[in-house]
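Structural features, examined
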Amino acid sequence: MALPTTSHVVLGMLSFGPMSGYELTQFVAKSVANFWPISKSQVYGELARLAELGLVKSTAVEQEKLPDKRTYELTGQGEQALDEWLSSPKMEADRQRSEFLVRIFFGHRLSRLQLLDLLDRYAQGAAQCRQELQAVVESLGQSPHSQYARATALLGVRVAEAVVAWAEEIRPELEKSRARRGARR
């Protein structure tokens, strides 16, 4: 069965245990949303689709002081679909959407100061992200069962470090490039 990655992400999140749609949305926001964002409406849409396909089942849960809720859990068929996807050699190439890179690509339209400000703000954002993710890596290092989550956070740290290094490397070239173009106009 060919399901999109988002469906498999929802199955994977439920592999940690039964959750309501709200709980799943919160768990996604604190974890995989850093590299695979899923909106609240997508979560609920996927839960409905996966239930219809027999990959998850839902249970109504009565609560005393809160409204009743519906929890979802993997079925045997859902576990099998997740495991097959995880072990499949086929994987889409990573592609990222980056407004920053689009702006840099059209940097010839910016003044030298605008271009350098854009670069500096991006590098500062990456440095801040690196600090935040490093704190996550350190906190996950204290838990013996978090090596997989720690591995994803550590990649985020390394990517942020690479962005900062790239910005430092490219800055002199962009300064010179803009100065030459500015002189020719």
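First, a word on scope: everything that follows refers to the structure included in this document. These numbers come from a predicted model, not from an experiment. (Residues numbered from 1 in each chain as written. Predicted model: local features only at pLDDT ≥ 70, side-chain atom pairs only at ≥ 80, totals over all residues. Heavy atoms only, no water.)

1. Here we look at the overall build of the chain
In terms of regular secondary structure, the chain is built from 7 helices and 3 strands. In terms of overall dimensions, the chain has C-alpha extents of about 70 × 40 × 35 Å along its principal axes. Counting only residues that meet the buried cut, the chain has 30% of its 185 residues in that class. Restricting to contacts in the chain with at least 6 residues of sequence separation, those with at least 24 account for 54%. Only carbon and sulfur atoms are counted for the fraction: they give 54% of the accessible area of the chain, which is about 13100 Å². Computed over 24 positive and 22 negative side-chain charges, the separation of the two mean positions in the chain equals 11 Å. (Helix = DSSP H or I, 4+ residues; strand = E, 2+ residues; numbered from the N terminus. Buried < 20%, exposed > 50% of the residue type's maximum accessible area, 1.4 Å probe, protein only. Contact = heavy atoms within 4.5 Å. Areas by Shrake-Rupley, 256 points an atom, 1.4 Å probe, with all protein chains shown as cover. Lys, Arg positive; Asp, Glu negative; His and termini not counted. Charge placed at Lys NZ, Arg CZ, Asp CG, Glu CD.)

2. Some points on the packing of helix H1 (residues 5-14) against helix H2 (residues 21-29)
For any two helices packed against each other, the geometry comes down to the angle between their axes and how far apart the axes lie. Close contact between H1 and H2 brings their axes to 11 Å; oriented N to C, the two are set at 100°. One element, H1, and the other, H2, form an angle in the roughly perpendicular class. Contact residues: H1 offers Val10, Met13 and Leu14, while H2 offers Leu24, Phe27 and Val28. (Axes fitted to C-alpha atoms, helices over the stretch in contact; angles between N-to-C directions. Parallel < 35°, antiparallel > 145°, perpendicular 65-115°, else oblique.)

3. Describing a nonpolar patch on the surface
On the surface, a nonpolar cluster with roughly 340 Å² of combined accessible area is contributed by Val102, Phe105 and Phe106. Within the secondary structure layout, Phe106 lies in the loop between helix H5 (99-105) and helix H6 (112-140). (Patch = residues over 30% accessible without salt bridge, like charges linked within 9 Å, V, L, I, M, F, W, Y side chains within 5 Å. Salt bridge = Lys/Arg side-chain N within 4 Å of Asp/Glu carboxyl O.)

4. Overview of the sheet that holds strand S2 (residues 56-61)
Read across the open sheet, the 3 strands follow the order S1-S3-S2; overall the sheet is antiparallel. Edge positions in the sheet fall to strand S1 (19-20) and S2, since each of these pairs with one other strand and no more. With 2 bridges connecting them, S1 and strand S3 (residues 69-74) associate as antiparallel partners. Residue Met19 lies in a different strand from S3, and its bridge partner there is Tyr72. Packed onto the sheet, H1 meets S1, S2 and S3 and runs at close to 95° relative to S3. (Pairing = 2+ DSSP bridges.)

5. Quick notes on the side chain of Ser7
With respect to the helices and strands, the residue Ser7 is situated in helix H1. Residues contacting Ser7, with those up to four places away along its chain left out, are Glu46, Arg49 and Leu50.

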